[in-house]
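Structural characterization, general
For reference, the chains in residue letters:
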There are 2 protein chains.
Amino acid sequence: MNYFEDFRVGMRAEIGSHTFTADEIKAFAREFDPQPFHLDEEAAARSHFGALIASGWHTAALCLRHVVEERHRRQAELRRRGEPVAKTGPSPGLRDLKWPKPVYVGDAISFATEIVELRDIARRPDVGLRVARNTGTNQRGELVYTVLSSTYIERHKPLVT
Amino acid sequence: MNYFEDFRVGMRAEIGSHTFTADEIKAFAREFDPQPFHLDEEAAARSHFGALIASGWHTAALCLRHVVEERHRRQAELRRRGEPVAKTGPSPGLRDLKWPKPVYVGDAISFATEIVELRDIARRPDVGLRVARNTGTNQRGELVYTVLSSTYIERHKPLVT
């Protein structure tokens, strides 16, 4: 799984999990999302969330880290085997970020990525566009984060049209 | 500018700017986006970006901070004047995140928000959906970040249909 031609729609990888602590929730919020229900237990208890919750962007950023680390692991494995490593990126963008449920202190969020679309790019025969749905799911099996992420991936052989 | 009825499509606010330092670019990347061109000047010089660049999610998170701070300033002003403060949030999601240009060390990114759509919600007569385009623009006037952000906003009077 490396060049654009090696990917298939439906390929899915579990890419790790993260358990959110109150301290890191507050630290992220102080820097990037200073809303009371991300910063302070008492204010959060009075909010409609009922308790401290992580910024949605904190969850998104941690999902990103797991995606990047998974790619690095995969590339390191290819290098160990002496195989070429296809170029990836940059991302032309993301679609449909959603946070269907809040993430509370102590929630263990499992991240996964699944390929939902593989698209030829007529004006760029050297790459293809891979669209993946990246998700975060809590320990109760509830989806807490989802996004469609697009990335250009090098082709092994240029597209002939 | 407070209740859903008070907003108009086209309303725009400049909400502050941020100048990116190498240290904070690396710190964010270590925690959330550990790619070589976000972490190390020499590796970045060899990448197709040519120099250290901020994670797109770092720019997104800082845009979020400016959006939140702007809302807090607006709400504080209403409270000072003894006026009611409409409830906002949570966000049903974001669409179309894009990073058209990289953010380099020393770039001063100006953030802005502009209302692009105001939608009645038939099943929720107490709120309306406000869709805003949030953007970051560098000191050369180039767009470096854009996203469509949706938020539910309390109505002053329930929608009658």
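Please refer to the structure higher up on the page.
In short, a report on the structure. What you are looking at is a predicted structure, and each value in this text was computed from that prediction instead of being measured.

Superposing chain A onto chain B requires a rotation of 180° together with a translation of 0.0 Å along the rotation axis, leaving an RMSD of 0.0 Å. Within this description, the copies of the chain are treated as partners about a two-fold rotation axis. Proximity to the rotation axis, assessed at the C-alpha, singles out R95 of chain A in chain A; its C-alpha lies 2.5 Å from the axis. Comparing interface residues between copies, 100% of those in chain A also sit at the interface in chain B, which points to an isologous, same-surface contact.

Turning our eyes to something else, we now look at the environment of L62 of chain A. Along the chain, L62 of chain A falls in helix α4 (residues 56-80). With 47 residues separating them along the chain, L62 of chain A and I109 of chain A place their C-alpha atoms 9.6 Å apart.

Another aspect to go through is unusual backbone geometry. Glycine aside, negative phi is the norm for most residues, and most peptide bonds take the trans geometry. Within the chain, D96 of chain A stands out as a residue other than glycine whose phi angle is a positive 55°. Its location among the elements puts D96 of chain A in strand β2 (residues 93-98).

Facing the 31 residues of chain A at the interface are 31 residues of chain B. Here chain A meets chain B over a buried area of about 2500 Å², counting both sides, of which 68% is carbon and sulfur. At the boundary of chain A with chain B, the tally comes to 0 salt bridges. Secondary structure elements with two or more residues in the side of chain A that touches chain B: α1 (22-32), α4 and β2 of chain A. Take the side of chain A that touches chain B: its biggest share by element is 11 residues, from α4 of chain A. Along the lines of polarity and charge, the residues of the side of chain A that touches chain B split into 17 nonpolar, 6 polar and 8 charged. With 2 bridges joining them, β2 of chain A and strand β2 (residues 93-98) of chain B adopt antiparallel strand pairing. Bridge assignment links L97 of chain A to a residue of β2 of chain B, and that residue is L94 of chain B.

On to the packing of α1 of chain A against α4 of chain A, then. Residues and elements named next belong to chain A. Closest axis-to-axis distance for the α1/α4 pair is 9 Å, and the angle between their directions is 105°. One way to sum up the angle between α1 and α4 is to call them roughly perpendicular. In this structure, α1 uses E24, I25 and F28 to contact α4, whose residues at the interface are W57, H58 and A61. Its residues assigned to classes, the contact of α1 with α4 shows 4 nonpolar, 1 polar and 1 charged.

Scanning the entire structure with this criterion turns up 26 salt bridges over all chains. Among the ionic pairs, R124 of chain A bridges to D126 of chain A, the shortest N-O distance being 3.2 Å. Under the relative-accessibility criterion, D126 of chain A is labelled partly exposed at 39%. The salt bridge partner of R12 of chain B is E114 of chain B, with a shortest N-O separation of 3.5 Å. Of this pair, R12 of chain B sits in strand β1 (residues 12-19) while E114 of chain B sits in strand β3 (residues 108-120), and the two are 102 residues apart along the sequence. Residues participating in the shared-partner salt-bridge network are E77, R80, R81 and E83 of chain A.

Read across the sheet, 10 strands follow the order β1(A)-β3(A)-β4(A)-β5(A)-β2(A)-β2(B)-β5(B)-β4(B)-β3(B)-β1(B) without closing on themselves; strand pairing throughout is antiparallel. Sheet topology places β1 (12-19) of chain A together with β1 of chain B at the edges, where each strand pairs with a single neighbour. Strand-to-strand, the axes of this sheet are offset by a mean angle of 20°, without reference to chain direction. Sheet analysis places β2 of chain B next to strand β5 (residues 143-154) of chain B, joined by 4 bridges and oriented antiparallel. Within β5 of chain B, the position partnered with R95 of chain B by the bridge is L148 of chain B.

Rules behind the numbers
- For every chain, the first residue of the written sequence is number 1, and numbering continues from 1 along that sequence.
- Labels follow written order: the first chain is A, the first ligand is 1, and so on.
- Selection of residues for local features in this predicted model requires a pLDDT of at least 70, selection of side-chain atom pairs for listing and counting requires 80 or more, and totals for whole chains, interfaces and linings are taken over all residues.
- Hydrogens and water are ignored here; the side-chain numbers use all heavy atoms of the structure.
- All copies are superposed by least squares; the fitting set is the C-alpha atoms of residues with a pLDDT of at least 70 in both.
- For this analysis, residues touch if any pair of their heavy atoms sits within 4.5 Å.
- Put simply, DSSP H or I for four residues or longer makes a helix, DSSP E for two residues or longer makes a strand, and each gets a number counted from the N terminus.
- Note: buried area is the sum, over both parts, of the accessible area (probe 1.4 Å) each one loses when the two are combined.
- Definition used for salt bridges: Asp or Glu carboxyl oxygen within 4 Å of a side-chain nitrogen of Lys or Arg.
- Under the grouping applied here, Gly and all other residues not named as nonpolar or charged are polar, the nonpolar ones being Ala, Val, Leu, Ile, Met, Phe, Trp, Tyr, Cys and Pro and the charged ones Asp, Glu, Lys and Arg.
- Strand pairing is defined by DSSP finding a minimum of two bridges between the two strands.
- The angle between two axes is taken between their N-to-C directions and runs from 0 to 180 degrees, where each axis is a line fitted to C-alpha atoms and a helix contributes only its stretch in contact.
- Small angles under 35 degrees read as roughly parallel and large ones over 145 as roughly antiparallel, with 65 to 115 read as roughly perpendicular and the rest as oblique.
- Residue burial is assigned from relative accessible area. The probe radius is 1.4 Å, only protein chains are included, and a residue is buried under 20% of its type maximum, exposed over 50%, and partly exposed in between.

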